Amino acid sequence: MTDLKPVADPAPRWVTDLANPPPYKSKPASIPDPPGYSSQAVSGPSKKKDVSRAAPREQPSPEKMDQLKLKKAWEVALAPAKNLPMTLIMMYMSGNSLQIFSIMMVFMAFKNPIMGLLSTNQAFERFETDSNRGSILQVKAAYVLMQVLALAVGVWKINSMGLLPTTRSDWLAWEVRREPLEHAVPALSL
Amino acid sequence: MHLPTQLSALLLVALPSAVRAVFQDEVGHIDYHYELLGLPQRETTFFHKPRRDDKASLLYTLSDVGVLGAVNPSSGAILWRQLLNGTITDGGGFLRAGEGQNWLASAYGQSVHAWDAVNGRNKFWMDFAGEVKDLEVMEMTENNRKDILALFDENESTVLRRLSGNDGRVVWEYMETSGDVPLQVSTNVEKVFVISLRGSAGAYNLKVTILDALSGKREDELVLGTKADVHDKDDVILVGANSAAPIIAWTDDTRQQLRVSVLGQKTRQEFALPADTISVEIHAPHIVQSQPHFLVHSKTSTGHTAEVYHVNLRTNVITKAYQLPFTSGPGAFSTSSNGANVYFTRITDEELVIFSSTSDTVLGRWPLKTTESRLVALHGVSEVVKKAGTDSYAVRSAAVTDTDEWILIRNGDVVWSRPEGLTGAVAATFVEIPESENLAKTLEQEAHSNPLEAYIHRVKRHLEDLQYLPTYLKNIPTRLMSSILGTEVSSHDVKLARDTFGFHKLVVLATRRGMIYVLDAGDHGKILASKRVFDLPTGQKWAVAGIKADDSTGIVTILGTNNDETTVKILPGTSFNIEVLSKGPEGSPATQSAALLNTVSGPRLFPVGLDGELQGLTSDILPNQVAVVRGSDKELKGVAIADGKQTVSWTFVLPKFQRIVDIAARPPHDAVASIGRVLGDRTVKYKYLNPNTLVVAAVDESTKIPSLVIYLLDTVSGQILASSKHEGVDPNKHIECAMAENWFTCTYFGQYRLRDGAQSLKGYQIVVSDLYETDKPNDRGVLGDAENFSSLGPIDAPGDVPLPSVVSQTFILSAPISALEVTQTRQGITSRQVLAYLPENHGIVGIPRMVLEPRRPVGRDPTAAEAEEGLIKYHPAIEIDPKSVHTHERDVIGVQKIIAAPAVVESTSLVFAYGIDVFGSRVAPSFLFDILGKGFNKVTLIGTVLAITAGVMILSPMVRRKQINALWGAPM
């Protein structure tokens, strides 16, 4: 055996690996590239410019933009209503007893509309422009209505659970007993 | 876990195993029981060997409350008991045992019975037409069997029957229709003597009829003495028992001379009694083999003395043998025979002495070692044993003391004492231990000053209380340990104070013998104090008209019917202190009951005279009060009180042929949690909560089969609010009612018809009625939302009278019940139970109100809404479930009344029953929802916590090391 020699190359291996990546292995021609990721695309920035130029995106006109935004806003506004049938079915299914599931359902039924109402402006911020402010207001009103509707479902639920003080029995504790004006003492033998 | 009521109701129905009155580990912890016999009577108490060859003898007695029982003389424990009459009696009865026989013969009223001496099983029970006047056991018969002689008084005629000792069959019967008063029966070996009184009251002659023991044929008739020298039948002291020469002894009514005659002889001998004798007793052996010696015990007002006489068997001459020295103070004598030897035992207040009947030499003398200051024995029985091979004797005496205790003295030591005076209780009440007066005052002061001052005062007070902190801290370890291990803190050094849960209350009990007892309901019913209030002559009973407890001051006032008043004051402090003040009794009974009227200075008891007039009215009585009193036997009166004057405001008279059998009112503390009942659809049925109502149960005897009429009265106006009639009721069985909140219940024995209508049956029934303002939900009736009402107020239209709407339902009970009481809790939130005594099962049952529910749907399953309300389908029969019996395995006999009181914790009601036995317990009708039961395993809980802590302490360094290693380890 020979003596130990100092290491010829002081750089660790990973430095070498980093500096000299393994050679690119050409892929077999039978496998197509995933769409939008051509193997040539990474080779140079010049090709990219070519692609964008090849399919130029047509900028919509401001009116069309407004229309699109309004359409989108309506979608957002009506979204809570679309959930309503599902919520109703689930609430019907969960029964009227006090269980963790129905309690959570009721909690969600209240939390979502209230949070939605509180964030009405944020929800429509991105659709709002100077020109469509008027029609967005209508949308907002529809949105609020829908949230109120969802809230109403929650109220209906807690009512059917018997949590709303709507009956006479709920106020029974506040009713006072009639006091007699006279006081009779039974004085009868033991 | 707090279940909604409807759910717990369902649980109750679904899980009968969960419905348990008492859990096993609570036995002896929450309940206490004095198993009592009553005070032993002089004539019906004796030592007897239950087995012929056994050396050990038992103590048998037939007590003054009608309990026959056997007691182990060495421990004082009851071996068996029998309640002869089924209920409490006023003394009397007979008890005899044949020498060497394993059975006892007893008689009470019209029946003669025999019992197995070892286990108390009934051997036979014979009912006859006449009343038993005397009972004897024939020691010698022709066929080696001991028979029973029973003397009856049947419609003015004297009947003597000899009953077979085996089965009670009548061997022969002797009847005499002379109109003489049968007195006693006695027998010697071949003759039977019937002693009766001939003549008229005040001047009787003693008549002895001699019968042949074999055939019952009359052989001879003797009239003792020529002049009518027996004044009263009480003057005949002794007709002497089965000795070889039975004697008859009587005195003149001034107690100057004793006249004695040997039965079967016409001659009589007279002996002078010591001067100033007030009563005479004769003690003679009861065995044929014994020498015919007897002792005459004469009592004077200052002391007592005794003389011993011998009967010569051949000449029938009675001679005085010796006289015992006169001793001042009370004393008791008893006889014991051992073969031919006869011993007399004398118990004075200082010593126990035994003599032989032959000479006055003292065979043994022991000073009495008692813990109490002074022991006064009234009468007793004793057993003298000569120690084998020596000249020394041992004696044990069972004596009744003047404090109504039954004690056993063995050679001068009190071995045991039984508090038999607790029997025959006539009134009892719960009373709170008063808070110390200072605290009560301070609290009142704080309540009346302005908030800031009160706050400063309170902070100061709490700072002052810090001085008790070290003691408190010192006690914590013991308390903690006792709490964990479930042991109890010994109450000897703990001062009498209320506890957090309100279980620590006292019970003041008054007995018919004139004794007052104070029991500690929080400490297994321990007797804290007992005191004789009245020295009543024999035959007189203390009757209590009213009892009232003031919880804030700890004063119990008891009004008697004889113009007597007793005050028991419980003083708080380190060593409890109980003061009893009493006055009276004087004159003849003058009080029928007592009315608790509100005065300016708080409620006070006022006696009600026999005519229904209140006495001692003062002007500080608050206005608008009406006292309901009994007029004649079928009349109730409402007496309005104003300015110290009384006027009868209404009179309720029952129709002809009706009489009142029971009256029930709402208890004074009757908390109502809610004024309505919430139905399944969440509407409200409003309860009719008129505190001024009364349930009157009357028996209508106008028809051949009596019926029961139940009236609900308004006690301010006297108006009938509701009434119902139940036909075919037996008026001789228990008819009792109880009332609480907006419902009342009555129990009776009556007829009922099956639904198909074909069969009519009889049975014990309970009817329960709910009162509502109207029958419509969500409606408060004609008074609407008025804040107050007056039963006397004017009404506009005829339909405007606020009458309750009544819903009733009747159930059949599987056992008779009596002494109805409804549990009481502090707020009235807890559901209720009807507590009742089972006279045939010897227990106290709690019937849940949920079962006694008149709105239970009949003939169909409950709808969902009804089920939610907790209503279960109506089932006519209520079985007495052994699991709902609060007395569980205890044999509680002769309960006359049950009282209930609320504790501080809402779940629990304190219960106390008295009569013959004394029983107390805690009842939680809706289970212990606010405190931990005894079954809560604190050891497991603490053990689990400790184990988890230990686990965490062991595991946490390991986990930490592992986490650090994981951080430093190279990724693979």
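Conventions and cut-offs
- Residues numbered from 1 in each chain as written.
- Chains lettered and ligands numbered in written order.
- Predicted model: local features only at pLDDT ≥ 70, side-chain atom pairs only at ≥ 80, totals over all residues.
- Heavy atoms only, no water.
- UniProt positions renumbered as here; feature names shortened; annotations may be inferred.
- Helix = DSSP H or I, 4+ residues; strand = E, 2+ residues; numbered from the N terminus.
- Rg over C-alpha atoms; globule rule 2.2 N^0.38 Å.
- Buried < 20%, exposed > 50% of the residue type's maximum accessible area, 1.4 Å probe, protein only.
- Axes fitted to C-alpha atoms, helices over the stretch in contact; angles between N-to-C directions.
- Parallel < 35°, antiparallel > 145°, perpendicular 65-115°, else oblique.
- Left-handed = near helix turned anticlockwise from the far one by under 90°.
- Contact = heavy atoms within 4.5 Å.
- Nonpolar A, V, L, I, M, F, W, Y, C, P; charged D, E, K, R; others polar.
- Disulfide = S-S within 2.5 Å.
- Pairing = 2+ DSSP bridges.
- Buried area = accessible area lost by both parts, 1.4 Å probe.
- Salt bridge = Lys/Arg side-chain N within 4 Å of Asp/Glu carboxyl O.
- Polar contact = N/O pair within 3.5 Å; in protein donor to acceptor, adjacent residues only side chain to side chain.

As recorded in an unreviewed UniProt entry, chain B goes by ER membrane protein complex subunit 1 and comes from Neurospora tetrasperma. The record in UniProt for chain B states the following under Sequence similarities (unreviewed entry): "Belongs to the EMC1 family." Word for word, the UniProt comment on chain B under Subcellular location (unreviewed entry) is "Endoplasmic reticulum membrane".

For chain A, the name recorded in an unreviewed UniProt entry is ER membrane protein complex subunit 4, with Neurospora tetrasperma as its organism. Checking UniProt for chain A, the heading Sequence similarities (unreviewed entry) contains the comment "Belongs to the EMC4 family." Its UniProt record, at the heading Subcellular location (unreviewed entry), says of chain A: "Endoplasmic reticulum membrane".

Please give an account of the overall build of chain B that cites residues and values.
Across its full length, chain B carries 6 helices and 64 strands. Radius of gyration (C-alpha) of chain B: 34 Å, near the 30 Å computed for a compact globule of 972 residues. If one aligns the C-alpha atoms of chain B with their principal axes, the spans along those axes are about 115 × 90 × 65 Å. Taken over 972 residues, chain B has a buried fraction of 50%.

Quick one: what's the story with the UniProt feature "transmembrane region" (unreviewed entry) in chain A, residue by residue and with numbers?
The positions that UniProt labels "transmembrane region" (unreviewed entry) are, in the present scheme, residues 89-110 of chain A. The span residues 89-110 of chain A is 77% helix and 0% strand, and its two end C-alpha atoms sit 16 Å from each other.

Can you break down the packing of helix 4 (residues 100-118) of chain A against helix 6 (residues 133-160) of chain A residue by residue, with the values?
For any two helices packed against each other, one specifies the inter-axial angle together with the distance between the axes. Residue and element names in this part refer to chain A. Interhelical geometry of helix 4 versus helix 6 gives an angle of 160 degrees and a closest axis separation of 9 Å. One finds that helix 4 runs roughly antiparallel with respect to helix 6. Remark: the crossing between helix 4 and helix 6 carries left-handed chirality. Here Val-106, Ala-109, Phe-110, Pro-113, Ile-114, Gly-116 and Leu-117 of helix 4 come into contact with helix 6, specifically with Tyr-143, Val-144, Gln-147, Ala-150, Leu-151, Gly-154, Val-155, Lys-157 and Ile-158. When grouped by side-chain class, the residues that make up the contact of helix 4 with helix 6 number 12 nonpolar, 3 polar and 1 charged.

For the state of the cysteines, give the residues involved together with the corresponding values.
Residue and element names in this part refer to chain B. Applying the stated criterion across every chain, the model contains 1 disulfide over all chains. Residue Cys-737 pairs covalently with Cys-746 via a disulfide, S to S 2.1 Å. Across the S-S bond of Cys-737 and Cys-746 the torsion is about 105 degrees, and the bridge reads as right-handed. The pair formed by Cys-737 and Cys-746 is uniform in burial state, with each residue classed as buried.

Give a detailed account of the packing of helix 3 (residues 62-94) of chain A against helix 6 of chain A, specifying residues and quantitative values.
Residues and elements named next belong to chain A. Two elements in contact, helix 3 and helix 6, have axes whose closest approach is 9 Å; the angle formed by their N-to-C orientations is 5 degrees. Between helix 3 and helix 6, the angle is such that the two are roughly parallel. Across the contact of helix 3 with helix 6, the residue classes break down as 20 nonpolar, 4 polar and 1 charged.

How would you summarise the sheet that holds strand 30 (residues 377-386) of chain B if you had to cite specific residues and measurements?
Whether parallel or antiparallel, the strands of a sheet pair through hydrogen bonds between backbone atoms. All names here are of chain B. Read across the sheet, 4 strands follow the order 30-31-32-33 without closing on themselves; strand pairing throughout is antiparallel. Each end of this open sheet is capped by a strand with a single partner; those strands are strand 30 and strand 33 (413-418). Sheet twist, expressed as the average angle between the axes of neighbouring strands with direction ignored, equals 15 degrees. With 9 bridges connecting them, strand 30 and strand 31 (residues 393-401) associate as antiparallel partners. Directly across from Ala-377, in strand 31, lies its bridge partner Thr-401.

Provide a residue-level description of the interface of chain A and chain B, including the pertinent values.
Frequently, the measure chosen for interface size is the accessible area that the parts lose on association. Facing the 20 residues of chain A at the interface are 49 residues of chain B. Here chain A packs against chain B, burying approximately 3000 Å² in sum over the two surfaces, 56% of which is carbon and sulfur. If you look at where chain A meets chain B, you find 2 salt bridges. Residue A:Arg178 is joined to B:Glu773 by a salt bridge in which the shortest nitrogen-to-oxygen separation is 2.1 Å. For the pair chain A and chain B, the number of links is 19 residue pairs in polar contact (both at pLDDT 80 or more).

Give a detailed account of unusual backbone geometry, specifying residues and quantitative values.
The general pattern is negative phi for most residues beyond glycine and trans for most peptide bonds. Residue and element names in this part refer to chain B. Even without glycine at this site, Asn-778 takes up a positive phi of about 60 degrees. With respect to the helices and strands, the residue Asn-778 is situated in the loop between strand 55 (760-772) and strand 56 (788-789). Exposure remark for Asn-778: the relative accessible area of 29% places this residue in the partly exposed category. Positioned with a positive phi, Ala-819 is a non-glycine residue whose angle comes to about 50 degrees. Positionally, Ala-819 belongs in strand 58 (residues 818-822). Take Ala-819: its relative accessible area is 5%, and that puts it in the buried class.

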